Number of protein chains: 2
Amino acid sequence: MNTPIQHLSGELDNGNELYIKRDDLLPFSMGGNKVRISQAFFQDMEHKGCDTMIIYGSRHSNLCRVLSNLCCSKDVPCVMICSHEEQEDQTATNNTHLIDWAGAQVIHCGKDNIAATVSSVMEKLRARGRRPYYIYGDKFGRGNEGTAAAAYAEAYREIQDFEADQGREFDYIFCPSGTGATQSGLICGHLLAGDGKKIMGIIISSRETERARQVISEGVSDYFVKNGRTLPTGWAEEIILLDGYRQAGYGHYDSRITSTIREQYRRNSLPLDPIYTGKAFWGMKEYINASGIRDSRILFLHTGGAPLFYDFLAKEGTENETC
Amino acid sequence: MNTPIQHLSGELDNGNELYIKRDDLLPFSMGGNKVRISQAFFQDMEHKGCDTMIIYGSRHSNLCRVLSNLCCSKDVPCVMICSHEEQEDQTATNNTHLIDWAGAQVIHCGKDNIAATVSSVMEKLRARGRRPYYIYGDKFGRGNEGTAAAAYAEAYREIQDFEADQGREFDYIFCPSGTGATQSGLICGHLLAGDGKKIMGIIISSRETERARQVISEGVSDYFVKNGRTLPTGWAEEIILLDGYRQAGYGHYDSRITSTIREQYRRNSLPLDPIYTGKAFWGMKEYINASGIRDSRILFLHTGGAPLFYDFLAKEGTENETC
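Just so you know, these numbers come straight off a predicted model, no measurement behind them.

About the criteria used
Residues numbered from 1 in each chain as written. Chains lettered and ligands numbered in written order. Predicted model: local features only at pLDDT ≥ 70, side-chain atom pairs only at ≥ 80, totals over all residues. Heavy atoms only, no water. Helix = DSSP H or I, 4+ residues; strand = E, 2+ residues; numbered from the N terminus. Rg over C-alpha atoms; globule rule 2.2 N^0.38 Å. Buried < 20%, exposed > 50% of the residue type's maximum accessible area, 1.4 Å probe, protein only. Contact = heavy atoms within 4.5 Å. Areas by Shrake-Rupley, 256 points an atom, 1.4 Å probe, with all protein chains shown as cover. Lys, Arg positive; Asp, Glu negative; His and termini not counted. Charge placed at Lys NZ, Arg CZ, Asp CG, Glu CD. Pairing = 2+ DSSP bridges. Axes fitted to C-alpha atoms, helices over the stretch in contact; angles between N-to-C directions. Parallel < 35°, antiparallel > 145°, perpendicular 65-115°, else oblique. Left-handed = near helix turned anticlockwise from the far one by under 90°. Nonpolar A, V, L, I, M, F, W, Y, C, P; charged D, E, K, R; others polar. Core = buried A, V, L, I, M, F, W, Y, C linked by side-chain atoms within 4.5 Å. Least-squares fit on C-alpha atoms with pLDDT ≥ 70 in both. Salt bridge = Lys/Arg side-chain N within 4 Å of Asp/Glu carboxyl O. Disulfide = S-S within 2.5 Å. Buried area = accessible area lost by both parts, 1.4 Å probe. Polar contact = N/O pair within 3.5 Å; in protein donor to acceptor, adjacent residues only side chain to side chain. Phe/Tyr/Trp six-rings, centres within 6.5 Å; stacked < 30°, edge-to-face > 60°. Lys NZ or Arg CZ within 6 Å of the ring centre and 35° of its normal.

A word on the overall build of chain A. In terms of helices and strands, chain A carries 10 helices and 10 strands. For 323 residues, the compact-globule formula gives about 20 Å, and the C-alpha radius of gyration of chain A, at 20 Å, lands near that figure. A buried classification covers 59% of the 323 residues belonging to chain A. If you take every contact in chain A between residues at least 6 apart in sequence, the share linking residues at least 24 apart comes to 77%. Summed over all atoms, the accessible surface of chain A reaches about 13000 Å², with 45% contributed by carbon and sulfur. Mean positive and mean negative side-chain charge positions of chain A (35 and 42 charges, respectively) differ by 3 Å.

Right, let's talk about the pairing of strand 2 (residues 17-22) of chain A for a bit. All names here are of chain A. Counting buried residues along strand 2, 5 of its 6 residues qualify, which places the element largely inside the surrounding structure. Across 4 bridges, strand 1 (residues 5-8) lies against strand 2 in antiparallel orientation. When the bridges of strand 2 are listed, Leu8 appears paired with Leu18. With 6 bridges connecting them, strand 2 and strand 10 (residues 297-302) associate as parallel partners. Among the inter-strand pairings, Glu17 is bridged to a residue of strand 10, identified as Arg297.

Let us now look at the packing of helix 6 (residues 181-193) of chain B against helix 7 (residues 209-226) of chain B. Residues and elements named next belong to chain B. Viewed as axis vectors pointing N to C, helix 6 and helix 7 meet at an angle of 50°, and their least axial separation amounts to 9 Å. Regarding the angle of helix 6 to helix 7, the classification is oblique. Crossing of helix 6 over helix 7 shows right-handed handedness. Residue-level inspection shows Gln183, Ser184, Ile187, Cys188, Leu191 and Leu192 of helix 6 in contact with helix 7, the latter providing Val215, Ile216, Gly219, Val220, Tyr223 and Phe224. Residues belonging to the contact of helix 6 with helix 7 are distributed by class as follows: 9 nonpolar, 3 polar and no charged.

A few words now on the nonpolar core. Formed by 69 residues in total, the largest nonpolar core has its most connected members in Met53, Ile135 and Leu186 of chain B. For this core, the leading source of residues is helix 5 (residues 145-166) of chain B, giving 10 residues. With sequence-adjacent residues up to four places away left out, Leu186 of chain B is seen in contact with Tyr152, Ala153, Tyr156, Ile159, Ile173, Cys175, Ile199 and Leu301 of chain B. Ranked by size, the runner-up nonpolar core spans 66 residues in total, among them Phe300 of chain A together with Trp101, Tyr245 and Leu270 of chain B.

Turning to the sheet that holds strand 5 (residues 105-110) of chain A, a few remarks are in order. Neighbouring strands of a sheet are bound in pairs by backbone hydrogen bonds; such pairs are parallel or else antiparallel. All names here are of chain A. Taking strand neighbours across the sheet as the criterion, the 4 strands line up as 5-4-3-6 in an open arrangement whose pairing is parallel. Only two strands of the sheet have a single partner each, and these edge strands are strand 5 and strand 6 (132-134). Each neighbouring strand pair of the sheet contributes to a mean axis angle of 25°, computed without reference to strand direction. Pairing of strand 3 (residues 52-57) with strand 6, which is carried by 3 bridges, proceeds in the parallel orientation.

Another point: the relation of the copies chain B and chain A. With an RMSD of 0.0 Å, the operation that places chain B on chain A is a rotation of 180° combined with a shift of 0.0 Å along the axis. In the structure described here, the two chain copies are related by an operation that fits a two-fold rotation axis. For chain B, the minimum C-alpha distance to the rotation axis belongs to Leu25 of chain B and amounts to 3.0 Å. Looking at the interface residues of chain B, 100% of them are also at the interface in chain A, so both copies use one shared face.

All names here are of chain B. Inspection of every chain in the model, using the stated rule, returns 30 salt bridges over all chains. Note that Asp24 and Arg22 form a salt bridge whose closest N and O atoms lie 2.9 Å from each other. Here Asp24 matches Arg22 in class, with each residue buried. For Glu263, the salt bridge identified is with Arg267, shortest N-O distance 3.2 Å. Placement of the pair is Glu263 and Arg267 together in helix 8 (residues 255-268), with a separation of 4 residues, close to one helical turn.

A word on the state of the cysteines. Following the criterion strictly, the structure yields 0 disulfides over all chains and no others. Cys71 of chain A carries a free sulfur, and the closest cysteine sulfur to it, the one in Cys78 of chain A, is 4.1 Å from it.

Next up on the list: the interface of chain B and chain A. Listed by partner, the interface residues are 47 residues for chain B and 47 residues for chain A. Taking both partners together, chain B and chain A bury about 4100 Å²; carbon and sulfur atoms supply 61% of that area. Along the contact surface separating chain B from chain A lie 0 salt bridges. In this assembly, chain B and chain A are joined by 14 residue pairs in polar contact (both at pLDDT 80 or more). Of all the secondary structure elements, the ones that give two or more residues to the side of chain B that touches chain A are helix 2 (62-73), strand 4 (78-84), helix 3 (94-102), strand 5 (105-110), helix 8 and helix 10 (306-316) of chain B. Taken together, the residues that form the side of chain B that touches chain A break down as 25 nonpolar, 14 polar and 8 charged.

Residue and element names in this part refer to chain A. Topologically, Asn268 is positioned in helix 8 (residues 255-268). We classify Asn268 as buried; its relative accessible area is 15%. Within the structure, Asn268 has its side chain in polar contact with the side chain of Gln264 (distance 2.7 Å).

Looking now at the environment of Glu286 of chain A. Residues and elements named next belong to chain A. You can see Glu286 is positioned in helix 9 (residues 277-291). According to the relative accessible area criterion, Glu286 is partly exposed, its value standing at 36%. Along the chain, Glu286 and Gly244 lie 42 residues apart, while their C-alpha atoms are 9.7 Å from each other.

Moving on, we get to the packing of helix 8 of chain A against helix 3 of chain B. In contact at an axis separation of 9 Å, helix 8 of chain A and helix 3 of chain B are set at 85° when each is read in the N-to-C sense. The pairing of helix 8 of chain A with helix 3 of chain B is recorded here as roughly perpendicular in orientation. Across from Ile261, Arg262, Tyr265 and Arg266 of chain A in helix 8 of chain A, the residues of helix 3 of chain B making contact are Leu98, Trp101 and Ala102 of chain B. Here the residues of the contact of helix 8 of chain A with helix 3 of chain B are counted per class, giving 5 nonpolar, no polar and 2 charged.

With that settled, consider the sheet that holds strand 4 of chain B. All names here are of chain B. Here we have 4 strands laid out as an open sheet, ordered 5-4-3-6, and parallel in their pairing. The open sheet has two edge strands, strand 5 and strand 6 (132-134), and neither has a second partner. Across the sheet, the mean angle from the axis of one strand to that of its neighbour is 25°, orientation sign disregarded. Bridging between strand 3 (residues 52-57) and strand 4 involves 5 bridges; their strand directions are parallel.

To continue, consider the environment of Ile159 of chain A. Residues and elements named next belong to chain A. Relative to the elements of secondary structure, Ile159 occurs in helix 5 (residues 145-166). Along the sequence, Ile159 and Gly189 sit 30 residues apart, while their C-alpha atoms lie 9.8 Å from each other. For Ile159, the contacting residues outside a window of four places in its chain are Ile5, Lys21, Phe170, Ile173, Leu186 and Leu299.

A few words now on the packing of aromatic side chains. According to the stated counting rule, one finds 33 aromatic pairs over all chains in the structure shown. Consider the rings of Tyr245 of chain B and Trp282 of chain B, whose centres lie 5.7 Å apart with planes at 85°: the pair is edge-to-face. Taken as a pair, Tyr245 of chain B in the loop between strand 9 (240-242) and helix 8 and Trp282 of chain B in helix 9 (residues 277-291) lie far apart in primary sequence, 37 residues in all. With respect to class, Tyr245 of chain B is no different from Trp282 of chain B; both count as buried. Three or more aromatic residues joined by ring pairs make a cluster, and in this case those are Trp101, Tyr253, Tyr265, Phe309, Tyr310 and Phe312 of chain A together with Trp101, Tyr253, Tyr265, Phe309, Tyr310 and Phe312 of chain B. Between Arg297 of chain A and the ring centre of Phe170 of chain A, over which it is positioned, the NZ or CZ distance is 5.7 Å.

Geometric values such as these leave the question of function open.
In structure tokens, the structure reads:
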């Protein structure tokens with residue numbers, strides 16, 4: 001599962017050096033952080049002796065794409081509770097198509113009806129002799145926070161191995177902060193290592209910042225409890241969230257982000273998308289310039305979402321065609 | 001540059017075991033065999049003291065996508081001679097968009113006018129004090145066959161390293177055979193290793209089989225000449241081309257191939273495309289079943305083309321949507 005860490009030379013000023021961990025290249029289901037997170041959920045399902053996966057998300061979800069693919073590749077039945085928002089763009093995306101290919105059984109529900117739908121799906125499956133596993137825990141989506149966090153608590157060791165090879169640590173790790181699972185995991189890794197790194201989450205969602213902090217806090221605590229570890233004093237200060245870069249909220253972006261995406265394709269051949277990685281990469285660079293960080297070694301975690309890069313490419317690509 | 005080799009369990013009958021080398025995960029410009037080949041061309045350009053890259057291909061070309069990206073990432077001017085065929089589908093593809101993003105200077109020309117266009121572009125650049133490099137050699141596209149072959153002659157060592165780790169060799173390597181550069185390189189690696197493997201090219205193009213054989217032969221000879229090596233007696237028998245799987249020719253495919261693509265996504269989370277890798281994967285399985293190969297260890301080289309997978313997904317994906 002070890003993904004490359006590449007040096008992006010000349011990207012930053014003031015003596016700062018930028019590296020990128022290419023989790024977009026994880027070799028399953030088009031890559032991305034959700035590959036590690038899905039595998040953590042899947043192992044947890046097996047560990048708990050369950051035989052049917054219940055997933056939840058929108059038809060554009062990276063997590064639902066990977067989990068539905070993991071289930072069909074292992075012949076495990078998968079039920080997707082598919083949420084709809086009234087304002088949502090109804091255009092099918094690459095993830096929509098791939099979720100269809102994976103053939104999960106789809107149950108539609110409104111945002112105000114999730115708990116009841118989860119309950120009802122679980123009951124029906126149990127009545128048919130199945131042992132269903134809901135990725136988020138109970139019907140309110142609580143109780144399983146630490147499972148998702150485990151993925152990046154473990155991936156953190158790959159970063160430490162790279163540092164050991166290079167003989168120098170990173171000062172900062174930046175990542176997009178959406179559901180919070182990836183950042184929770186990195187913070188767990190950092191706390192367990194007891195190192196001096198700062199884990200910087202760029203909020204890309206519409207989630208209120210204090211709510212984002214609470215969710216990450218729950219992920220970290222649950223991981224520590226489940227692994228029988230004690231959290232160090234003052235650990236909550238390690239949750240660093242930058243909320244000045246979400247623009248108009250989840251899924252909204254302007255030309256500063258589209259320029260960043262084109263520029264990073266041209267300079268470093270990176271596929272960034274406007275919803276997660278492109279927004280976070282742009283936000284990271286803005287923050288580093290504004291905050292006066294100097295002479296630091298900085299890692300950006302590329303959390304993938306290649307299908308979203310291609311959604312963007314198809315949408316924007318037709319401008320100014322010369323070829 | 002080492003890419004993963006994965007075991008695909010249960011894919012083949014008769015005691016055969018299938019492995020796949022994931023060159024679609026090469027960490028530059030969306031991956032694929034053209035990443036290795038482009039890097040070989042780029043190094044050759046630098047070695048020859050040239051400063052401007054001339055590339056040739058259609059607006060859908062994987063090679064032109066990677067080369068134009070490599071040039072812009074290294075600030076080397078790139079001129080693309082862009083061929084058109086009258087019957088060609090005029091729809092822009094992901095590669096079309098990415099070639100645009102890279103910003104190569106595009107010169108259009110018909111298929112009957114390539115040599116004159118190459119000459120004219122080279123002369124104009126020289127008159128401006130540039131030292132242009134045409135990837136295919138002279139204006140007729142000859143003289144540089146061994147450069148492209150070098151890419152997979154070198155990649156062959158990664159396969160040998162894997163075999164050494166596992167303590168057992170592969171009996172067969174299957175790959176799509178289009179321009180022939182990849183297969184030429186694998187044959188060079190095999191001849192240099194003096195091992196017992198068979199390199200099986202599945203012809204996916206419309207190119208006549210004897211012409212395909214000749215082009216591969218030129219690649220192998222040129223590589224050996226340029227590296228001061230002597231070809232072993234009878235080496236031409238190592239060029240194995242399977243031409244029963246091209247269907248109606250380059251770019252044409254039927255439901256056997258689209259089913260293979262969906263099945264391989266579901267079972268092994270692989271992105272295969274209908275023009276190259278999906279057709280070759282299907283052809284390989286058909287051939288193995290028909291030829292009575294037994295108890296063999298078989299490697300499929302995934303030559304990438306992720307942008308083509310997403311072209312296909314967008315085209316086919318909207319059927320039977322449930323999500």
